[in-house]
Amino acid sequence: MPAVSPRGGSRRRTISEINMVPFIDVMLVLLIIFMVSAPMMTTGMIDVPSVGKAANTPERVVEVVVRADETLKLRVNGKDSGDTTLNAVADEVKDALQGVEGAPVVISADKAVKYEAVVKVMDKLRRAGVQRVGLSVKTTG
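Turning to the environment of Lys111, a few remarks are in order. Structurally, Lys111 can be placed in the loop between strand 6 (105-109) and helix 3 (115-127). Its relative accessible area of 84% is what places Lys111 among the exposed residues. As for Lys111 and Arg67, which are separated by 44 residues in sequence, their C-alpha atoms are 8.8 Å apart.

Turning our attention to the confidence of the model for the protein chain. Any region with low pLDDT has predicted coordinates that should not be read closely. In the predicted model, the protein chain carries a mean pLDDT of 80, and 80% of its residues have values of at least 70. Across the protein chain, the secondary-structure element scoring lowest on mean pLDDT is strand 1 (residues 3-6), at 56, and the one scoring highest is helix 1 (residues 21-37), at 95.

Attention now goes to the pattern of salt bridges. By the definition in use, this model includes six salt bridges. Note that Lys73 is salt-bridged to Asp80, the shortest N-O span being 3.7 Å. The exposure class of Lys73 is buried, given its relative accessible area of 15%. Given the relative accessible area of 52%, Asp80 is considered exposed. Asp80 serves as the salt-bridge partner of Arg75, at 3.1 Å between the closest nitrogen and oxygen. Overall, the relative accessible area of 23% leaves Arg75 in the partly exposed class.

Criteria and cut-off values
Residues numbered from 1 in each chain as written. Predicted model: local features only at pLDDT ≥ 70, side-chain atom pairs only at ≥ 80, totals over all residues. Heavy atoms only, no water. Helix = DSSP H or I, 4+ residues; strand = E, 2+ residues; numbered from the N terminus. Buried < 20%, exposed > 50% of the residue type's maximum accessible area, 1.4 Å probe, protein only. pLDDT = per-residue confidence, 0-100. Salt bridge = Lys/Arg side-chain N within 4 Å of Asp/Glu carboxyl O.

Set out below in structure tokens:
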């Protein structure tokens, strides 16, 4: 029932208010339902990939190093092949892979590099037809 407030003598005005009691009742019932049902829920299991050692080492490994300032350097079998640009990286990697079928290309990025820069390099290599592109990881332990 709306409250009536006297104002200025004989003139009366109604004050509209929202009744919060039903809202609070519903919220408490929902809270109790969630508190009772939460322990009964089963947790999902996710299979995450693990990093292991390969059985045999490939005959040629090409590594694209993305530095902190997002410049690129090419390394073939652990030996530096010089700096490169994003536009030329695909051609230089294909030249380094010549004659070796299915050789892996590893992208090693500095911790400070934005993820977008690494994805751009991966995209360039994939569009150029490089089949095996992976990311270098630092193992803990």
